Amino acid sequence: MASKQTILIIDDEPDTLTYFSSLLEDNGYATVTAENGTEAIAQVEKSPPDLITLDITMPETSGVRCYRALREHAAWRDIPVIMITGISEDFRTFISSRKHVPPPEGYLAKPIDETELLEMVRKLLTARTAGVH
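Owing to the predicted nature of the structure, the values given are computational and were not obtained by experimental measurement. (Residues numbered from 1 in each chain as written. Predicted model: local features only at pLDDT ≥ 70, side-chain atom pairs only at ≥ 80, totals over all residues. Heavy atoms only, no water.)

Asks: Can you help me understand the overall build of the protein in this one?
Replies: The number of helices and strands found in the protein is five helices and five strands. Reading the helices (α) and strands (β) of the protein from amino to carboxyl end gives β-α-β-α-β-α-β-α-β-α. Looking at the protein as a whole, 43% of its 133 residues qualify as buried. For the protein, the accessible area works out to roughly 7,200 Å², and carbon and sulfur atoms hold 50% of it. (Helix = DSSP H or I, 4+ residues; strand = E, 2+ residues; numbered from the N terminus. Buried < 20%, exposed > 50% of the residue type's maximum accessible area, 1.4 Å probe, protein only. Areas by Shrake-Rupley, 256 points an atom, 1.4 Å probe, with all protein chains shown as cover.)

Right under this line is the structure:
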């Protein structure tokens, strides 16, 4: 049996971590969690996941700073990232316009639609497995 694909869920809200973990595990994925960007980077250093969901507004290392660190590290820049945030559409425009890092592979606003999240995860993991970036 093939090993499950692993998704790192980064969010400072324990209820959100539990919800996303349950949703993704119920759909065949393995999950690991981090409550802030500092923990997230430590998790990625220990064992790079197949995909990351990343909240933007967090204490310590913000989601934006964490995202930049992921994209600037050669070994991690190809890990697909889905940014998930309660911040407005203006943020999507802002983060997509940054010249020093590419835009994230996915973007969802809270509250998320379960079907939309699962479809985006499936598409990004399928593309990564196929070698499409």
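From this point, things continue past the structure.
Asks: Where do I start with unusual backbone geometry in this structure?
Replies: Peptide bonds are trans in most cases, and residues, glycine excluded, mostly fall at negative phi. A cis amide bond links lysine 110 to the next residue, proline 111, at an omega of -5°. Along the chain, proline 111 falls in the loop between strand 5 (106-109) and helix 5 (114-129).

Asks: It is not clear to me how the packing of aromatic side chains should be interpreted in this structure. Could you clarify?
Replies: Geometry of an aromatic ring pair is reported as the spacing of the ring centres plus the angle between the planes. All told, the structure shown has one aromatic pair when counted by the stated rule. Plain terms: the ring middles of tyrosine 19 and phenylalanine 20 are 5.7 Å apart, the flat faces sit at 45° to each other, and that makes the pair tilted. Residue phenylalanine 20 is classed as buried on the basis of its relative accessible area of 4%. (Phe/Tyr/Trp six-rings, centres within 6.5 Å; stacked < 30°, edge-to-face > 60°.)

Asks: In this structure, what is going on with the pattern of salt bridges? I would like to understand it.
Replies: Where charged atoms from two side chains of opposite charge come close, those side chains can pair. Evaluated as defined, the whole model comprises five salt bridges. One salt bridge in this structure joins arginine 128 and aspartate 50, with 3.7 Å as the shortest N-O distance. Here aspartate 50 lies in the loop between helix 2 (37-46) and strand 3 (51-55) and arginine 128 lies in helix 5, a separation of 78 residues in the sequence. Among the residues examined, arginine 128 registers a relative accessible area of 28% and is labelled partly exposed. Since its relative accessible area comes to 25%, aspartate 50 is described here as partly exposed. Two residues, lysine 110 and aspartate 55, come together in a salt bridge whose shortest N-O distance is 3.5 Å. (Salt bridge = Lys/Arg side-chain N within 4 Å of Asp/Glu carboxyl O.)

Asks: Sorry, what's going on with the sheet that holds strand 3 here?
Replies: Pairing between sheet strands relies on hydrogen bonds along the backbone, with the strands arranged either parallel or antiparallel. Pairing within the open sheet is parallel, and its five strands lie in the order 2-1-3-4-5. In the strand order of this sheet, the two ends are held by strand 2 (30-34) and strand 5, each with one partner. Taking the axes of each pair of neighbouring strands and ignoring which way they run, one obtains an average angle of 20° across the sheet. By the bridge criterion, five bridges tie strand 1 (residues 6-10) to strand 2 in an arrangement that is parallel. Paired with isoleucine 7 across the strands is threonine 31, a residue of strand 2. (Pairing = 2+ DSSP bridges. Axes fitted to C-alpha atoms, helices over the stretch in contact; angles between N-to-C directions.)

Asks: Honestly, the nonpolar core in this entry has me stumped. Any pointers?
Replies: In summary, soluble globular proteins display a tendency toward joint burial of nonpolar side chains. Grouped together as the largest cluster of nonpolar side chains are 19 residues, with contacts concentrated most on Ile10, Ile52, Leu54 and Leu70. For this core, the secondary-structure elements that each account for two or more residues are strand 1, helix 2, strand 3, helix 3 (63-72) and strand 4 (81-85). A total of four residues in this core trace back to one element, the largest contributor, which is helix 3. Residue contacts for leucine 70: discarding those within four places in its chain leaves Ile41, Val44, Ile52, Trp76, Arg77 and Val81. Of all hydrophobic cores here, the second largest spans 18 residues; its members include Leu17, Leu23, Tyr29 and Leu108. (Core = buried A, V, L, I, M, F, W, Y, C linked by side-chain atoms within 4.5 Å. Contact = heavy atoms within 4.5 Å.)

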